[in-house]
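Understanding the architecture of this molecule
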Amino acid sequence: MSIVINESESIISIHTKNTTYQMKAVHNGLLVHTYYGPHMNGDAGYALSYRDRGFSVNPYDSKFNRTVSSDTLPLEYPCEGSGDFRASAFSVSRANGASGCDLRYEGYEVVKGKYSLKGLPAVYADEEEAETLLVTLRDRDAGIKVVLQYGVLPEIDVITRAVQITNEGNVPVVLNQTASACLDFVSGEWELMHFYGRHANERAAARVEIAEREIVIGTRRGMSSHHENPFIVIAENGADENKGQCVGMCFVYSGGFSANISRDAFGTTRAVMGLQPELFNYPLNPAETFQAPEAAMVYSAEGFAKMSHCFHKMISEHICRGPWKNRRRPVLINNWEATGMTFDGEKILSIARKASELGVEMMVLDDGWFGARDTDNAGLGDWKVNTEKLGCTMGELADKIRAMGMKFGLWIEPEMVNEDSDLYREHPDWALTIPGKEPILGRNQLVLDFSRKEVVDNIFSQISAVLDDCRADYVKMDFNRPIADVYSRTAGTQSRGKILYDYMLGVYSFMERLLERYPDLLLEGCAGGGGRFDAGMLYYCPQIWCSDNTDAIDRIRIQYGTSFCYPCRTMGAHVSAVPNGDTRRRTPINTRAVVAMAGTFGYELDLNLITEEEMEEVPKQIETFKKYWNLLHNGLYYRLTDVIRNRKEAAWMMVAEDQSEALLNIVTLDATGNGPNRFVRCAGLDPEAFYKDEESGNVYAASALMTIGLPMPRIKLPGIPWNPTPGEYESFQIHLIRQ
Ligand code: GLA
């Protein structure tokens with residue numbers, strides 16, 4: 001039993017293997033949050049502080065007890081208008097324009113298994129693996145019922161939250177904010193980790209003090225974005241990879257989001273996460289119900305590594321679906337960085353031919369195969385194969401590639417349209433544009449109104465005709481601009497606050513239909529690289545192109561930040577040409593491969609154009625990937641260096657769950673002559689055991705490897721007797737086997 005109710009004291013406790021989450025109804029049904037921490041049996045309500053605090057107001061039913069205030073209590077779902085002036089999670093406007101309500105606890109229900117959300121991605125589990133708690137709050141005057149949904153996956157220490165709002169009154173209301181989770185910590189000094197960035201530089205791990213202020217992160221772009229990832233960590237001061245308390249919050253949604261993190265005047269730290277409220281005003285008619293997306297939480301008393309492992313398990317086993325979720329993904333080659341849109345069928349076949357000779361398993365044809373798509377100014381929306389450019393149909397091209405022993409994959413960008421397209425000329429009202437206003441362009445394209453079913457239907461039938469013909473094994477689904485003009489040309493008022501949410505439902509329905517029609521399809525998400533790298537997309541795509549930046553050294557930082565929430569097997573990562581197109585940096589081909597192996601692993605260059613020496617390496621790399629695949633994708637992942645602060649070397653390792661073997665990966669970021677001795681400290685090994693380096697035969701005590709560390713490998717160069725320290729950007733993979 002993971003959900004335990006103390007009826008007489010109105011205490012609800014949610015237990016996972018290692019953690020407990022607790023709430024309690026006090027003072028006529030104020031639902032307060034009392035605890036989130038290590039497993040605990042008891043009532044943490046003793047920590048609630050009741051004092052008459054000046055200018056902290058009181059609910060009407062406590063008028064003779066000024067020590068009760070929503071403004072100072074930790075609240076489970078704080079709402080605007082309840083007298084809590086801190087960041088709220090919920091706000092509703094009534095028909096008369098007044099906003100505010102006062103939600104009170106009414107009851108609960110416990111259900112076997114994990115709830116699911118209609119039309120939205122959510123954590124899933126077998127009935128025996130999970131439980132659901134539904135807590136009902138109500139404001140009778142406003143006619144608003146709020147059901148707080150909690151999912152518990154005890155084995156992996158995950159607790160999910162979502163919220164359902166029903167208008168029980170007889171007049172329409174407007175939802176202004178429906179956050180999915182709020183967490184209050186009444187004690188402790190906490191910091192915020194967030195993962196910010198920009199195109200080609202996503203998810204840089206940042207850590208900031210919270211202090212007495214509000215920090216708001218998120219995105220107004222209608223996409224989870226390159227700029228902030230919908231994942232945050234609230235970390236105790238001093239917490240690191242191996243020690244200290246931390247709580248991760250992961251929003252399972254791909255549109256705009258907001259996280260508000262604050263510390264109030266009396267020392268309570270609050271984190272609210274959910275839909276971006278500035279762009280949200282959702283009309284709710286009588287008897288209608290709105291479903292807010294899900295947020296998943298993990299508490300770790302042992303630092304970030306433990307927290308990440310729980311999220312990795314959650315995403316690998318309880319978010320990603322379909323036949324590819326646990327299968328080794330084919331080593332692919334993508335033509336984008338090799339050709340852009342300038343190619344013909346022969347060029348694609350020549351890239352595929354060389355790749356297949358070297359052991360690559362799938363050819364992916366990227367942008368430029370359809371309509372008038374010779375530049376990125378035209379063609380989106382016209383999903384008709386350009387047979388003139390290819391010299392054949394897509395089915396014929398796919399057959400030629402399959403004859404080489406490879407699978408075949410295709411790029412699409414279904415949500416977009418160019419003004420220069422037949423689709424736009426025929427249906428200009430299908431784009432999200434505002435009447436009387438010039439539309440905002442991004443990569444010279446407009447966003448299609450995926451809140452409208454007929455638009456989704458049209459694009460789906462165009463694209464599925466091509467996929468039917470070529471029987472694609474893989475699709476890369478891209479999204480290459482944010483949403484700026486939020487107005488739907490459908491009949492009636494279409495508030496922007498409704499469209500962005502309905503738009504996401506349309507996108508999710510599109511992907512669901514793809515997976516239904518092509519049950520074996522491997523779908524890879526993409527949004528100008530990692531602009532929609534979120535748990536929502538991962539429900540449909542078990543992998544997402546991590547970044548348009550394929551420079552191995554930049555990628556180390558990007559993949560490092562990504563790894564706090566998302567497992568390696570979800571990160572699309574390829575070996576590309578040097579000098580790198582983004583950074584002009586040259587890195588050895590083996591270093592590029594070591595970094596790409598911390599992801600899905602593939603190639604993105606013309607292998608005909610690399611040196612003979614490099615060509616010899618490619619088959620070896622593919623063999624290495626196959627040899628270590630299980631460890632790379634299923635091992636527990638440890639970040640061994642903080643790559644934001646340590647600019648000397650980057651190291652990470654994957655350890656088998658039974659600790660029988662591990663793969664240590666090291667890349668040097670800097671080189672210096674006659675420098676100090678350097679060591680890489682391992683983690684996650686069986687401390688009592690000895691491990692053998694498979695290549696050198698050296699045997700090490702695991703405790704020593706995790707305390708002193710492994711000396712940085714030396715390089716053997718012919719004619720140089722002193723084994724110099726490695727140069728810049730060299731890499732090592734060390735396979736450790738328990739003795
Ligand atoms: C985006 C993707 C790239 C490539 C191009 C094609 O930028 O991230 O990988 O597919 O679009 O236009």
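Counting of residues starts from 1 at the beginning of each chain's written sequence and follows it residue by residue. Given that the model is predicted, a residue must reach a pLDDT of at least 70 before its local features are reported, and side-chain atom pairs must reach 80 or more before they are shown or counted; all residues, however, enter totals for whole chains, interfaces and linings. To obtain the side-chain values, all non-hydrogen atoms of the structure were included, while hydrogens and water were left out.

1. Brief notes about the pairing of strand 21 (residues 362-365)
On any regular strand, side chains alternate: one points to one face of the sheet, the next to the other face. Selection rule: We call a residue buried when its accessible area falls under 20% of the maximum for its residue type, exposed when it is over 50%, and partly exposed in between, using a 1.4 Å probe and counting protein chains only. In this description a helix means any DSSP run of H or I spanning at least four residues, a strand means any run of E spanning at least two, and both kinds are numbered starting from the N terminus. A pair of strands is considered paired only if DSSP assigns at least 2 bridges between the two.
Burial of strand 21 is two-sided: the residues Met-362 and Val-364 facing one way and the residues Met-363 and Leu-365 facing the other way are all buried. For strand 21 and strand 22 (residues 407-412), the ladder comprises 4 bridges, and the chain directions are parallel. Across the sheet, Leu-365 pairs through a bridge with Leu-410, a residue of strand 22.

2. Concerning the environment of Gly-727
Operational definition: Every residue pair with non-hydrogen atoms within 4.5 Å of one another is taken to be in contact.
Considering the arrangement of structural elements, one finds Gly-727 in the loop between strand 37 (710-711) and strand 38 (731-738). Beyond its immediate sequence surroundings of up to four residues, Gly-727 is in contact with Thr-668 and Ala-671.

3. Describing the sheet that holds strand 1 (residues 3-6)
Worth spelling out the cut-off: The axes used here are C-alpha line fits, helices contributing only the stretch in contact, and every angle between their N-to-C directions lies in the interval 0 to 180 degrees.
Strand order in the open sheet formed by 4 strands is 1-2-3-4, and the pairing between neighbours is antiparallel. Unpaired on one side and paired on the other, strand 1 and strand 4 (30-38) mark the two borders of the sheet. Averaged over all pairs of adjacent strands, the angle between their axes in this sheet comes to 15°, without regard to strand direction. Sheet topology note: the strand 1/strand 2 (residues 11-15) ladder contains 4 bridges and is antiparallel. Its bridge partner being in strand 2, Ile-3 is matched across the sheet by Ile-14.

4. Structural notes on the domain arrangement of the protein
Quoted interface sizes are often the accessible area lost when the parts come together. The cut-off we apply is this: The start and end points of each domain follow an automatic or database-based domain assignment. Summed over both partners, the accessible area lost on bringing two parts together, with a 1.4 Å probe, is the buried area.
Along its sequence, the protein is organised into domain 1 (3-317), domain 2 (332-545 + 600-606) and domain 3 (649-738). For domain 1 versus domain 2, the distance between C-alpha centres works out to 35 Å. Each side of the interface is counted separately: domain 1 has 34 residues, and domain 2 has 28 residues. Each partner contributes to the roughly 2300 Å² buried at the junction of domain 1 and domain 2, and carbon and sulfur atoms together form 59% of this total.

5. Some thoughts on the sheet that holds strand 36 (residues 699-701)
In space, the 6 strands of this open sheet follow the order 31-32-33-38-35-36, with antiparallel pairing throughout. Single-partner strands in this sheet number two, and they are strand 31 (636-639) and strand 36. On average, adjacent strands in this sheet sit at an angle of 25° to one another, irrespective of strand direction. Relative to strand 36, strand 35 (residues 690-693) runs antiparallel, the two sharing 3 bridges. Counted as the bridge partner of Tyr-691 is Tyr-700 from strand 36.

6. Focus on the side chain of His-15
For clarity, the threshold we go by: Pairing of N or O atoms within 3.5 Å defines a polar contact, subject to two protein rules: one partner must be a possible hydrogen donor and the other a possible acceptor, and residues neighboring in sequence count only if both atoms are side-chain atoms.
Its location among the elements puts His-15 in strand 2. Among the polar contacts listed, one links the side chain of His-15 to the side chain of Thr-20, at a separation of 2.8 Å. What His-15 contacts, discounting residues up to four positions off in sequence, is Ser-2, Val-4, Thr-20, His-39, Met-40, Asn-41, Val-152 and Pro-154.

7. Quick word on the packing of helix 3 (residues 345-358) against helix 5 (residues 394-403)
Note the threshold: To sort the angles, those under 35 degrees are grouped as roughly parallel, those over 145 as roughly antiparallel, those from 65 to 115 as roughly perpendicular, and the leftovers as oblique. The handedness criterion is simple: a crossing whose near helix is rotated anticlockwise from the far helix by less than a right angle is left-handed, and one whose near helix is rotated clockwise is right-handed. Residue polarity follows a fixed list, in which Ala, Val, Leu, Ile, Met, Phe, Trp, Tyr, Cys and Pro are nonpolar, Asp, Glu, Lys and Arg are charged, and the others, Gly among them, are polar.
Running from N to C, helix 3 and helix 5 cross one another at 20°; their axes reach a closest spacing of 10 Å. In this view, helix 3 runs roughly parallel relative to helix 5, as classed from their interaxial angle. Between helix 3 and helix 5 the crossing geometry is right-handed. Between helix 3, through Gly-345, Ile-348, Leu-349 and Ala-352, and helix 5, the contact on the second element is made entirely by Leu-397, Lys-400 and Ile-401. The class makeup of the residues in the contact of helix 3 with helix 5 is 5 nonpolar, 1 polar and 1 charged.

8. Topic: helix 3
Selection rule: To estimate the expected span of a helix, subtract one from its residue number and multiply by 1.5 Å.
Relative to the 20 Å expected for 14 residues at 1.5 Å per residue, helix 3 spans 20 Å between its end C-alpha atoms, a close match to the ideal helical length. Three or more residues of helix 3 are buried, namely Gly-345, Ile-348, Leu-349, Ile-351, Ala-352, Lys-354, Ala-355 and Leu-358. Against the buried residues of helix 3 lie strand 20 (332-334), helix 2 (336-339), strand 21, helix 4 (387-390), helix 5 and helix 12 (612-634). Gly-359, located one to two residues past helix 3, shows a positive phi value of around 110°.

9. Some remarks on the nonpolar core
We count it as follows: In these notes, a set of buried Ala, Val, Leu, Ile, Met, Phe, Trp, Tyr and Cys residues joined through side-chain atoms within 4.5 Å is what counts as a nonpolar core.
Counting 212 residues, the largest nonpolar core has Phe-90, Trp-369, Phe-510 and Tyr-603 as its most contacted members. Sorting elements by how many residues they give to this core places helix 8 (residues 496-517) first, with 10 residues. The contacts of Tyr-603, once residues within four sequence positions are left out, are Val-331, Leu-332, Ile-333, Asn-334, Val-360, His-574, Val-575, Val-618, Gln-621 and Ile-622. Core analysis: the second largest hydrophobic core is formed by 24 residues, Ile-666, Ala-683, Tyr-691 and Ile-734 among them.

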